[in-house]
Amino acid sequence: MFKTLLVALTGLGLSASVSAQELVEGKDYTLLDSPVATQVDEDHIEVTEVFWFGCPHCNRLQAPITEWYETLDDDVSIVHMPAVMGGNSNVHATAFYAAESLGIEDDLHADFFTAIHQDDRALTDADDIADFFADYGVSEDDAKKSLTSFGVRSEVNNAHGRIREMRLMGVPALVVDGRYVITPSTAGSLENMPQVAEALIERVRTERAQ
C-alpha cells in the first residue's frame, strides 16, 4: 500500500508567487528522466493531478487546487488521474473511471471526497458505490456493469502504468507537461503546490516559444 504525503505547513512555504527561475530541481520539483507521454492537444500544457479519494491530504488540497484551476489560461488542460497503488485506491480508481464512462464524474468528484471525509462513507463496496451513483441518475445495474467493464479495467491499468512511469510513491502529486513532478514535500506545503505548478507552466511556455 502506498503512503499519503504530509509535510509541516509552517516554516516551509514559498512566497505568495514564485518565478520559474527561482525554482530548484530536486528541491521544489523533480524532473523525470524519461518524460511521460501527455494526453492533451499538442498546443496545450498538461497538468495531471494524481489523487486518491481516500487520502486526507488530497481532500485538503481540493479547495486550493480547484480555485487555482479556475484561474488558468486556455492553453492549460487538467487531467485528473486516480492513484492505482493497491487496496482501496484501486477500488476508488475504478469508481472514478466508471463515473467518467457514465458521464457523471465531473458532477460527483467533489461529492465523493465529501462522502468519504465528512460523511464517513468508505465507498469501497460495489453496492455502496452503485447507491452513491444513484444520486446522479444512474441505475444500479448500469453502475455495476460499468464498475466491471473492460473499458474501466483498461483505464485503471493504464493509470497504474502511468503512475509507475511518473515514479510516484504517494499522493497528492501534480505533474506538469509529463516531466515536472510536484509533491507537498517539494512544494513546502499542500497550498504551495499550485504556485510551483504555475511557475513550471510558465517555464514550459518559454521553452516552447524558443
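Residues numbered from 1 in each chain as written. Predicted model: local features only at pLDDT ≥ 70, side-chain atom pairs only at ≥ 80, totals over all residues. Heavy atoms only, no water.

(A) Focus on the sheet that holds strand E7 (residues 180-182). The sheet built from 5 strands is open, its strands ordered E2-E7-E6-E3-E4 with mixed pairing. A single partner strand is all that each edge strand has here, and the edge strands are strand E2 (30-31) and strand E4 (76-82). As defined by bridge partners, strand E6 (residues 173-176) adjoins E7 across 3 bridges and the pair is classed as antiparallel. Bridge pairing in E7 places Leu174 opposite Ile182. (Pairing = 2+ DSSP bridges. Helix = DSSP H or I, 4+ residues; strand = E, 2+ residues; numbered from the N terminus.)

(B) Summary view of helix H8 (residues 193-209). Along its 17 residues, H8 runs 25 Å from first to last C-alpha, staying within 8% of the 24 Å computed at 1.5 Å per residue. Those residues of H8 not exposed but buried are Met193, Pro194, Val196, Ala197, Ala199, Leu200, Ile201, Arg203 and Val204. Its buried side turned inward, H8 meets strand E3 (45-51), helix H1 (56-69), E4, E6, E7 and helix H7 (184-187). (Expected span 1.5 Å × (residues − 1). Buried < 20%, exposed > 50% of the residue type's maximum accessible area, 1.4 Å probe, protein only. Contact = heavy atoms within 4.5 Å.)

(C) Inspection of the pairing of E3 at higher detail. Among the 7 residues that make up E3, 7 are buried, leaving the element largely enclosed by the rest of the structure. Neither face of E3 is left uncovered, since the one carrying Ile45, Val47, Glu49 and Phe51 and the one carrying Glu46, Thr48 and Val50 both have all their residues buried. As defined by bridge partners, E3 adjoins E4 across 7 bridges and the pair is classed as parallel. Looking at E4, one finds that Phe51 is bridged to Pro82.

(D) Region of the structure containing unusual backbone geometry. That bond from Val171 to Pro172 is cis: its omega, 5°, falls within 30 degrees of zero. Assignment of secondary structure puts Pro172 in the loop between strand E5 (170-171) and E6. For Leu123, which is not glycine, the phi torsion reads 50° and is therefore positive. For Leu123, the location among the structural elements is in the loop between helix H3 (105-117) and helix H4 (126-134). On the accessibility criterion, Leu123 (2% relative accessible area) is buried. In the Ramachandran plot, Arg167 falls in the positive-phi region, its phi being about 60° despite a non-glycine side chain. Assessed through its relative accessible area of 67%, Arg167 is described here as exposed.

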